[in-house]
Amino acid sequence: MQLHISPSLRHVTVFPGKEVREFIKVKVGSRRLSYRMLFYSILFFTFILRFVFVMTAVDTIDGETRCSTIGCLGKKLGPRILGRRLESSVPEVVYQVLEEPIGKDELQGRSDIPQSLDEFMTEIKDSNIDARTFAVKLREMVTLLEERTRNAKIQEYLYRHVASSSIPKQLHCLALRLANEHSTNAAARLQLPSAEFVPALVDNSFFHFVLASDNVLAASVVATSLVQNSLRPHKVVLHIITDRKTYCPMQAWFSLHPLSPAIIEVKALHHFDWFSKGKVPVLEAMEKDQKVRSQFRGGSSAIVANNTDKPNVIAAKLQALSPKYNSIMNHIRIHLPEMFPSLNKVVFLDDDVVVQTDLSPLWDIDMNGKVNGAVETCRGKDKFVMSKKFKSYLNFSHPLISNNFDPNTCAWAYGMNIFDLEAWRKTNISRTYHYWIEQNLKSDLSLWQLGTLPPGLIAFHGHVHVIDPFWHMLGFGYQENISSADAKSAGVIHFNGRAKPWLEIAFPNLRPLWAKYIDFSDKFIKGCHIRAS
């Protein structure tokens, strides 16, 4: 009899004798564990044992011989795995020391504090110190460096404030020389424009531009760049508005430097009847604004000497002292409908822009009943400049702002704006503007940052028509990493920011875009030592 067992152990066959095919087939129940499964199980447990051995050896090398094999494995695998927590390798005393407050007076006059990371590392390597001493020295060094960094930032803000707020001696010289020329030379006192062109000032078939400035050199660059890049300069009318003290120098410059065939009008604020008679809301607001700003007694020195304010707070207070925030030139655009009652549409230009293309196509833009044609500043490839929303300018922690506006509403820019005066006169934009300025003064300047854009965002809310970004490129006054190709491809470039192109703090790579419109051989320019760089 023969017994035959199948390889799978599922069948057993019994043969009774030779050449007899009778057999008994016995079926065996399914096995629970196959050879393959047994092989993989042995392989897996072998790996685990080797892993445990390695972990135990590492713990022994580290000096942690108290933990068991399974415990060490748990610690290595992670928190609460196999019953162990992952413990910090930083001694608790280090945290305690670093969290202890340290007075600035404690560091004054100390010569044993490392002045750099290299000195700190050298001192640590050369001395055998414990964790507490290490933490104390680290805290002292970091605190000292933080204080020096803070002082450096504050000094930078102070120097920039002085540089951007002061009138460069070259510009002061230019104004004085032109004022003297105005008083001694009849050719510098010409009527602008001449009588034959006066009708064009109210003719809506012309392209009317408005520029408000008390800076003669800046105004000349805007006017020159506008006319030189115009395809139809004989249809250009530029209305220049200035203050009383700058009127004579401004008139002298454009009398002696005509931009024919364009028509240039120079007018001071006191020449407008509506401005010299009755109450002017913006002037009243400016007077109150000046009283509020008087809280910064002691000027910039007192602000900088404050040891409790953060550098950005000090920068904001210094900015509050800037003369431009109390200049009527900064608010005049809100009165355009009253200043030009006969005009239907104007393009308003700031005096820190440069025109690089023909702007007449702006009059072909359908405003769809909106008042203000502007470039949005919440989207674009330059995330630093083109990322501004209402929350960037307005204080949404104040209920008066948060209850009335959406923080994610896209902002837009002043500098180059199309104003449909005909549509404007049908709205309450000007009244809204003055109302919110009054509210900001009542709230101690807590509704928004400084400037005229925040109340403008509020007043023109719902009245803005978005135009192509080509027409207005910003950021030339506060960042220098703008490529030359991008700058030259824009219709209008705007030196918004503190680094104005007529200041010494202007960015050297961007200033030529502005300086190219100045004739440095002119006797007034040469006489005041105004140079290209």
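Residues numbered from 1 in each chain as written. Predicted model: local features only at pLDDT ≥ 70, side-chain atom pairs only at ≥ 80, totals over all residues. Heavy atoms only, no water.

### Observations concerning the overall build of the chain
Turning to step 1, where the next piece is worked out: When helices and strands are counted, the chain shows 21 helices and 12 strands.
Turning to step 2, where the next piece is worked out: Within the chain, buried positions represent 44% of all 533 residues. (Helix = DSSP H or I, 4+ residues; strand = E, 2+ residues; numbered from the N terminus. Buried < 20%, exposed > 50% of the residue type's maximum accessible area, 1.4 Å probe, protein only.)

### Structural notes on the pairing of strand β5 (residues 236–242)
Turning to step 1, where the next piece is worked out: Within β5, 7 of the 7 residues are buried, which leaves it mostly tucked inside the rest of the structure.
Turning to step 2, where the next piece is worked out: Side chains Val 236, Leu 238, Ile 240 and Thr 242 of β5 all project onto a buried face; the interleaved residues Val 237, His 239 and Ile 241 project onto the opposite face, where all are buried too.
Turning to step 3, where the next piece is worked out: A crossover connection joins strand β4 (residues 207–212) to the parallel β5 through helix α7 (residues 216–228); in handedness this β-α-β unit is right-handed.
Turning to step 4, where the next piece is worked out: Running through helix α8 (residues 244–256), the crossover from β5 to the neighbouring parallel element strand β6 (residues 263–268) is right-handed. (Right-handed = clockwise from strand over helix to strand, strands pointing away.)

### Quick notes on the pairing of strand β10 (residues 416–420)
Turning to step 1, where the next piece is worked out: Counting buried positions over the 5 residues of β10 gives 5, a clear majority of the element.
Turning to step 2, where the next piece is worked out: Neither face of β10 is left uncovered, since the one carrying Met 416, Ile 418 and Asp 420 and the one carrying Asn 417 and Phe 419 both have all their residues buried.
Turning to step 3, where the next piece is worked out: Two strands pair when backbone bridges link them, and strand β9 (residues 372–374) and β10 are joined in this way by 2 bridges, in the antiparallel orientation. By the bridge assignment, Gly 373 is partnered in β10 with Ile 418. (Pairing = 2+ DSSP bridges.)

### Thoughts on the pattern of salt bridges
A side chain with one charge can pair with a side chain of the opposite charge if their charged atoms come near.
Turning to step 1, where the next piece is worked out: Taken as a whole and judged by the stated rule, the model has 4 salt bridges.
Turning to step 2, where the next piece is worked out: Notably, a salt bridge pairs Asp 350 with Arg 333, separated by 2.6 Å at the nearest N-O pair. Of this pair, Asp 350 sits in the loop between β7 (345–349) and β8 (353–355) while Arg 333 sits in the loop between α12 (311–320) and α13 (336–339), and the two are 17 residues apart along the sequence.
Turning to step 3, where the next piece is worked out: Judged by relative accessible area, which is 7%, Arg 333 ranks as buried. (Salt bridge = Lys/Arg side-chain N within 4 Å of Asp/Glu carboxyl O.)

### Describing the environment of Met 386
Turning to step 1, where the next piece is worked out: Looking at the element boundaries, Met 386 is found in the loop between β9 and α14 (390–393).
Turning to step 2, where the next piece is worked out: As for Met 386 and Gly 475, which are separated by 89 residues in sequence, their C-alpha atoms are 9.0 Å apart.
Turning to step 3, where the next piece is worked out: Not counting residues within four places of it along the chain, the set of residues in contact with Met 386 comprises Val 375, Glu 376, Thr 377, Cys 378, Arg 379 and Gly 380. (Contact = heavy atoms within 4.5 Å.)

### Some details on the packing of aromatic side chains
Turning to step 1, where the next piece is worked out: Considering all chains together, one arrives at 14 aromatic pairs under this definition.
Turning to step 2, where the next piece is worked out: Taken together, a centroid distance of 6.3 Å and an interplanar angle of 55 degrees make the contact between Phe 390 and Phe 405 tilted. Placement of Phe 390 in helix α14 and of Phe 405 in the loop between α15 (399–402) and β10 is noted, with a sequence separation of 15 residues between them.
Turning to step 3, where the next piece is worked out: Each member of the aromatic cluster is reached from another via a ring pair, and the members are Trp 412, Tyr 414, Phe 419, Trp 424 and Phe 460. (Phe/Tyr/Trp six-rings, centres within 6.5 Å; stacked < 30°, edge-to-face > 60°.)

### Brief notes about the nonpolar core
Turning to step 1, where the next piece is worked out: Counting residues in hydrophobic clusters, the biggest one holds 70 residues, and the most contacted among them are Leu 174, Phe 209, Phe 254, Phe 476 and Trp 514.
Turning to step 2, where the next piece is worked out: The dominant element in this core, judged by the number of residues it contributes, is α7, at 9 residues.
Turning to step 3, where the next piece is worked out: Those residues in contact with Phe 209 that lie beyond four places of it in its chain are Leu 226, Val 236, Val 237, Leu 238, His 239, Val 347, Leu 349, Leu 359 and Trp 363.
Turning to step 4, where the next piece is worked out: Counting residues in hydrophobic clusters, the runner-up holds 43 residues, among them Ile 334, Leu 343, Val 371 and Ile 458. (Core = buried A, V, L, I, M, F, W, Y, C linked by side-chain atoms within 4.5 Å.)

### Digging into the sheet that holds β6
Turning to step 1, where the next piece is worked out: An order of β6-β5-β4-β7-β10-β9-β11 is seen for the 7 strands of this open sheet, with the pairing classed as mixed. The two strands at the open ends of the sheet, each matched to only one other strand, are β6 and β11 (464–466). Each neighbouring strand pair of the sheet contributes to a mean axis angle of 25 degrees, computed without reference to strand direction.
Turning to step 2, where the next piece is worked out: Sheet topology places β7 next to β10; 5 bridges connect them, and they run antiparallel. Residue Phe 348 lies in a different strand from β10, and its bridge partner there is Asn 417.
Turning to step 3, where the next piece is worked out: Sitting on the sheet, α8 is in contact with β5 and β6, with an inclination near 160 degrees to β6. (Axes fitted to C-alpha atoms, helices over the stretch in contact; angles between N-to-C directions.)

### Topic: the environment of Asn 330
Turning to step 1, where the next piece is worked out: Relative to the assigned elements, Asn 330 resides in the loop between α12 and α13.
Turning to step 2, where the next piece is worked out: Taking the C-alpha atoms as reference points, Asn 330 and Ser 213, separated by 117 residues in sequence, lie 8.6 Å from one another.

### Side note on the confidence of the model for the chain
Turning to step 1, where the next piece is worked out: Here the chain averages 81 in pLDDT, while 74% of its residues score no lower than 70.
Turning to step 2, where the next piece is worked out: Of the regions scoring below 50 in pLDDT, residues 60–66 engages in 5 contacts with residues more than four places distant in sequence or in other chains.
Turning to step 3, where the next piece is worked out: Note that pLDDT drops below 50 for residues 79–86; the model gives that stretch 17 contacts with residues more than four away or on any other chain. (pLDDT = per-residue confidence, 0-100.)

### Regarding the side chain of Ser 443
Turning to step 1, where the next piece is worked out: Counting through the fold element by element, Ser 443 comes out in the loop between α17 (429–442) and α18 (453–459).
Turning to step 2, where the next piece is worked out: A distance of 3.0 Å separates the side chain of Ser 443 from the backbone oxygen of Asn 440, its partner in a polar contact. (Polar contact = N/O pair within 3.5 Å; in protein donor to acceptor, adjacent residues only side chain to side chain.)

### A few points about the state of the cysteines
Between two cysteines, a covalent bond joining their sulfur atoms is known as a disulfide.
Turning to step 1, where the next piece is worked out: Tallied over the full model, the rule gives 2 disulfides.
Turning to step 2, where the next piece is worked out: Note that Cys 173 is cross-linked by a disulfide to Cys 528, the S-S spacing being 2.2 Å. Linking Cys 173 and Cys 528, the disulfide has an S-S dihedral of approximately -75 degrees and is accordingly described as left-handed. Placement of Cys 173 in helix α6 (residues 169–184) and of Cys 528 in the segment after α21 (523–527) is noted, with a sequence separation of 355 residues between them.
Turning to step 3, where the next piece is worked out: Using a relative accessible area of 3% as the deciding quantity, one classes Cys 528 as buried.
Turning to step 4, where the next piece is worked out: At a sulfur-sulfur separation of 1.9 Å, the disulfide partner of Cys 378 is Cys 410. (Disulfide = S-S within 2.5 Å.)

### Topic: the packing of α7 against α8
Turning to step 1, where the next piece is worked out: One can describe the packing of α7 onto α8 by two numbers: an axis separation of 10 Å at closest approach and a directional angle of 40 degrees. Between α7 and α8, the angle is such that the two are oblique. Crossing geometry of α7 relative to α8 is assigned as right-handed. The residues of α8 that touch α7, namely those facing Val 216, Ala 219, Ser 220 and Ala 223, are Thr 246, Pro 249, Met 250, Trp 253 and Phe 254. (Parallel < 35°, antiparallel > 145°, perpendicular 65-115°, else oblique. Left-handed = near helix turned anticlockwise from the far one by under 90°.)

### Thoughts on the packing of α6 against α8
Turning to step 1, where the next piece is worked out: Their axes nearest at 8 Å, the elements α6 and α8 cross at an angle of 75 degrees. Comparing the axis directions of α6 and α8 gives the class roughly perpendicular. Residues Leu 174, Ala 175, Leu 178, Ala 179, Glu 181 and His 182 of α6 pack against Cys 248, Pro 249, Gln 251, Ala 252, Trp 253 and Leu 256 of α8.

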